[in-house]
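Observations on the model geometry
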Amino acid sequence: MGSKRCMSVLVVIFMALVSYSQAHKFFVGGKDGWIVNPSENFNHWAERHRFQVNDTLFFKYKKGSNSVLVVTKEDYYSCNNNNPIQSLTDGDSVFRFERSGPFFFISGNAGDCQNGQKLIVVVLALRHKSDHGDAPLVPSPSPVASPNSGSNPSDLNNKPTPPLKENSGSVLRFKGSDVGLVCLSIGTSMIFSNFRV
């Protein structure tokens, strides 16, 4: 009985940890890595993925013969490698997204950048519970004038009805942390249901 309880606790803790560790590691260029002529254009590769804050990019390239530069939008389009925001040079470089928005990467070799060894990644904005729409989906009913109120009912018909707030997806939408809390709650209730007074 004690080992069953211990196993339940471990499963619950594991589920909670898994749901909270949502960061992903992306291998830039897939199996090709950070090379001059990849089988798939780097920006096409990036378009197939959803990047979030705390995700990391892994750049695989030969140390000493190339590098990765984090640059401004202007330097990205001009392949200017003279003023990087950050320079990654170790051959197995990891870059972590600490904010949302666009990020621009180019090869440290200007000629390689001109030949397409560059990447734009757009990191999705953090969503907070208030972003999910706490407002009701149905507008409140319009006030109806009573016959004794003295107002003209035709005036009420001329007022525009407020638009419905659109939902950004399905009605049931869970974040990883919500799933973790549900798993933790279920596991805790399972554990405490085995304790009988």
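Residues numbered from 1 in each chain as written. Predicted model: local features only at pLDDT ≥ 70, side-chain atom pairs only at ≥ 80, totals over all residues. Heavy atoms only, no water.

1. Things to note about the state of the cysteines
All chains considered together, the criterion is met by 1 disulfide. Each disulfide pairs two cysteine sulfurs, and for Cys79 the partner residue is Cys113, the sulfurs being separated by 2.1 Å. With the S-S dihedral at roughly -75°, the linkage between Cys79 and Cys113 falls on the left-handed side. One end of the pair, Cys79, is in the loop between helix H3 (73–78) and strand E5 (86–88); the other, Cys113, is in helix H4 (residues 110–114), with 34 residues separating them in the sequence. Summarising the burial analysis for this pair, Cys79 and Cys113 share the class buried. (Disulfide = S-S within 2.5 Å. Helix = DSSP H or I, 4+ residues; strand = E, 2+ residues; numbered from the N terminus. Buried < 20%, exposed > 50% of the residue type's maximum accessible area, 1.4 Å probe, protein only.)

2. Examining the confidence of the model for the protein chain
With 54% of its residues at a pLDDT of 70 or more, the protein chain shows a mean pLDDT of 72. A low-confidence stretch, residues 188–192 (pLDDT under 50), is modelled with 4 contacts involving residues beyond four sequence positions or located in other chains. (pLDDT = per-residue confidence, 0-100. Contact = heavy atoms within 4.5 Å.)

3. Things to note about the side chain of Ser67
Looking at the element boundaries, Ser67 is found in the loop between strand E3 (56–60) and strand E4 (68–71). Those residues in contact with Ser67 that sit more than four places away from it in its chain are Trp34, Tyr61, Leu88, Thr89, Ile106, Ser107 and Gly108.

4. Some remarks on the sheet that holds E4
One open sheet holds the 5 strands; their spatial order is E2-E8-E7-E4-E5, and the pairing between them is mixed. Looking at strand neighbours, the two that pair on one side only are strand E2 (51–52) and E5, the edges of this open sheet. One ladder, built from 2 bridges, connects E2 with strand E8 (residues 118–124); its direction is parallel. Paired with Gln52 across the strands is Leu124, a residue of E8. (Pairing = 2+ DSSP bridges.)

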